[in-house]
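As a plain string of letters, each chain reads:
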Amino acid sequence: MHTAISESFTLEARGLGCIRDDRQLFSALDFTLRGGEALILEGRNGSGKTSLLRILCGIRLPDDGVLRWQGEDAHRLGAEFHQHIAYLGHRDGNKLDLTPLENLRIAQGLGRARADIGIEEALDRVGLYGFEDVPTRNLSAGQQRRVAIARLLITEAELWILDEPFTSLDRKGIEDVEGMFDQHLARGGMAVLTTHHRMNFEQGEVHRIDLSERLQ
Amino acid sequence: MKPSKLSLGSAFWLLLKRDLVLAMRRRSEFINPILFFILVCALFPLAIGSDPNLIRKIAPGVIWVAALLASLLTLDSLFRGDFEDGTLEQYVLSAHPVSILVIAKVIAHWLITGLPLILVAPLLGVLLSLPAGATGILVLTLALGTPVLSLIGSVGVALTVGLRRGGVLLSLLVLPLYVPVLIFATDAVNTAVTGIPVTAQLSIIGAMLFLALALAPLATAASLRVSLS
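Residues numbered from 1 in each chain as written. Chains lettered and ligands numbered in written order. Predicted model: local features only at pLDDT ≥ 70, side-chain atom pairs only at ≥ 80, totals over all residues.

### Structural notes on the overall build of chain A
When helices and strands are counted, chain A shows 7 helices and 10 strands. Taking 2.2 N^0.38 as the reference for a compact globule, 216 residues should give roughly 17 Å; the C-alpha atoms of chain A span a radius of gyration of 17 Å, in line with that estimate. For the C-alpha atoms alone, the extent of chain A along its principal axes is close to 50 × 35 × 30 Å. Burial statistics for chain A: of 216 residues in total, 44% are counted as buried. Long-range contacts, defined as pairs at least 24 residues apart, comprise 72% of the intrachain contacts of chain A with a sequence gap of at least 6. (Helix = DSSP H or I, 4+ residues; strand = E, 2+ residues; numbered from the N terminus. Rg over C-alpha atoms; globule rule 2.2 N^0.38 Å. Buried ≥ 20, exposed ≤ 12 C-beta atoms within 10 Å, placed from the backbone. Contact = placed C-beta atoms within 7 Å.)

### Some remarks on the overall build of chain B
Regarding its fold elements, chain B presents 10 helices and 1 strand. The N-to-C order of helical and strand elements in chain B reads β-α-α-α-α-α-α-α-α-α-α. Relative to the compact-globule value of 17 Å for 229 residues, chain B shows a C-alpha radius of gyration of 19 Å, a close match. Put simply, chain B has 229 residues, and 43% of those count as buried. For chain B, contacts bridging at least 24 residues in sequence account for 81% of all contacts bridging at least 6.

### Things to note about helix H9 (residues 167-193) of chain B
All names here are of chain B. The largest bend in H9 is about 35°, located at Leu-175, with the proline Pro-176 one to four residues further on. Within H9 the residues assigned to the buried category are Leu-170, Val-174, Tyr-178, Val-181, Phe-184, Ala-185, Thr-186, Ala-188, Val-189, Asn-190 and Ala-192. Those residues of H9 that are buried are in contact with helix H3 (52-75), helix H8 (132-160) and helix H10 (199-228). The positive-phi residue at the C-terminal boundary of H9 is Gly-195, with phi of around 90°. (Bend = angle between axes of the 7 residues up to and from the residue.)

### As for the interface of chain A and chain B
Accessible area lost during the coming together of the parts is what is often quoted as the interface size. Taken residue by residue, the interface counts 31 residues in chain A and 27 residues in chain B. Sorting the residues of the side of chain A that touches chain B by element identifies helix H3 (79-82), strand S6 (85-88), helix H4 (100-110) and strand S7 (112-113) of chain A as the ones contributing at least two each. Looking at the side of chain A that touches chain B, the element that brings in the most residues is H4(A), giving 4 residues. Among the residues forming the side of chain A that touches chain B, the class breakdown is 13 nonpolar, 9 polar and 9 charged. (Nonpolar A, V, L, I, M, F, W, Y, C, P; charged D, E, K, R; others polar.)

### Brief notes about the packing of helix H6 (residues 98-113) of chain B against H8(B)
All names here are of chain B. Relative orientation of the contacting elements H6 and H8 amounts to 130°, with a least axis distance of 10 Å. Between H6 and H8, the angle falls in the class oblique. Considering the relative orientation of H6 and H8, their crossing is right-handed. Across the interface between the two elements, Val-102, Val-106, His-109 and Trp-110 from H6 touch Thr-146, Pro-147, Ser-150, Leu-151 and Ser-154 from H8. Per-class residue counts for the contact of H6 with H8 are 5 nonpolar, 4 polar and no charged. (Axes fitted to C-alpha atoms, helices over the stretch in contact; angles between N-to-C directions. Parallel < 35°, antiparallel > 145°, perpendicular 65-115°, else oblique. Left-handed = near helix turned anticlockwise from the far one by under 90°.)

### Let's talk about the nonpolar core
One recurring pattern in soluble globular proteins: nonpolar side chains tend to sit buried together. The biggest cluster of nonpolar side chains holds 122 residues, and the ones touching the most others in it are Ala150(A), Ile161(A) and Ile63(B). Considering every element that reaches this core, the biggest residue donor is H8(B), with 14 residues. (Core = buried A, V, L, I, M, F, W, Y, C linked by C-beta atoms within 7 Å.)

### Details of the environment of Leu175(B)
Looking at where Leu175(B) falls in the secondary structure, it is placed in helix H9. Put simply, Leu175(B) and Ile152(B) are 23 residues apart on the chain and 9.5 Å apart in space, counted from C-alpha to C-alpha.

### Let's talk about the packing of H3(B) against H8(B)
All names here are of chain B. Running from amino to carboxyl end, H3 crosses H8 at an angle of 30°, the nearest separation of the two axes being 10 Å. The orientation of H3 with respect to H8, classified from their angle, is roughly parallel. As for how H3 packs across H8, the hand of that crossing is right-handed. Listed contacts from H8 to Pro-60, Ile-63, Ala-67, Leu-68, Ser-71 and Leu-75 of H3 are Leu-138, Leu-142, Thr-146, Leu-149, Ser-150, Gly-153, Gly-156 and Val-157. Of the residues in the contact of H3 with H8, the class split is 9 nonpolar, 5 polar and no charged.

### A closer look at H8(B)
Residues and elements named next belong to chain B. Here H8 spans 41 Å end to end across 29 residues, near enough to the 42 Å set by a 1.5 Å rise per residue. By the largest-angle criterion, Ala-143 marks the main kink of H8, which is about 25°, and a proline, Pro-147, follows within four residues. Along H8, 24 of the 29 residues are buried, which leaves the element largely enclosed by surrounding structure. (Expected span 1.5 Å × (residues − 1).)

### Structural notes on the sheet that holds strand S5 (residues 72-73) of chain A
Residues and elements named next belong to chain A. In space, the 4 strands of this open sheet follow the order S2-S1-S4-S5, with antiparallel pairing throughout. Each edge of the open sheet is held by one strand with a lone partner, namely strand S2 (23-34) and S5. Looking at chain direction, strand S4 (residues 64-69) and S5 are connected through 2 bridges and run antiparallel. Opposite Trp-69, over in S5, you have Glu-72 as the bridge partner. In the packing of helix H1 (residues 49-56) onto the sheet, contacts are made with strand S1 (10-20), S2 and S4, and the angle to S1 comes to roughly 130°. (Pairing = 2+ DSSP bridges.)

### A word on the sheet that holds S6(A)
Residue and element names in this part refer to chain A. Across the sheet, which stays open at both edges, the 5 strands sit in the order S6-S8-S9-S3-S10 with parallel pairing between neighbours. In this open sheet, the two strands that pair with only one neighbour each are S6 and strand S10 (205-210). Taking the axes of each pair of neighbouring strands and ignoring which way they run, one obtains an average angle of 15° across the sheet. Bridging between strand S8 (residues 159-163) and strand S9 (residues 190-194) involves 5 bridges; their strand directions are parallel. Residue Leu-159 lies in a different strand from S9, and its bridge partner there is Met-190. Across the sheet, helix H6 (residues 141-154) is in contact with S6 and S8; its angle to S6 comes to roughly 175°.

This is the structure:
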């Protein structure tokens, strides 16, 4: 149904370490992620899950170690690396005074627009059909989260980096997003996420890292 | 089918247009500074009496200080909202160079907060009994100077946006850098009152504008990264 991602990509972490407020959150973290694979980060609150995600997408520099995209230092690649990732953080990243349609149009303009899924189809897929022109402020927290999730669909980002994507979603919403994951992995994409929800992946290879075990 | 990346120019327009649309939906944000500017300038003659010579003498300084403070008042809104709702992260992670997107945001911010100041300045010139020739120069200095204020300010805001109460720090960071603009601009208008040509002062403010245009976006982009991490 969806066009597959043509190239295969690899994300490699070698010896990643993070220090926050003079506390070593994790150190010597190694993993390799290829197309079709997902990485789920687990761990107690404050074990550094969000910090690790922010390092992986390049917002934060690692205090130790190196992150490689296609064998090259991701932080040095800059925008070249950023065009391959879609990041969904704690905060949705929507402008509340704009409609979902306007929000997604900007997201599309900032990344690489996907040829096979348009904005309206993406909104339909996250269950916001008919809400295109309602100011995002007037939507419920779950619906606002869905607008942010629709952003994943409209850009050609091979690597999804998601911080608690299921926050404020209802059961149906969670199922929808799981379906999106399966499709994303099936077409050769990759994903790194933190979640307290038990995920049921039908597709792809899933790695897990528990950061609490590394807490020092 | 290959994914299509929007050209840098279109992404620039998209962001510029977005900020203008947002401003139209929250009008109070850009009515506030202009109101402040007019009120300060209108209160001065009331406070110091009706001697037209005295008022004419202090008019350039009053108008410029009010414009500077009005622009300082609005600075924080440049990135604060985007920082709080997470859209700033999305820009920094976009497929385009952040420094170019920063220019789009600063231009939008200037159109919303700086341009209205320039438009009402002639009226305030009349109010403070500036001669017509000097009013023209006043408008020119504002047209060249307020973008410099926005550009320099963007670096300061980018550095302080991650702090919960960055307001005081922002003023301390940015005001010293505003001083040269203030000195040359008010000097130009004062000199114009006496009828002497002011091309030298205008050229210097113009040079500041180009210098700020070249350097500030790079510094702002780097500062945003620091603030986010």
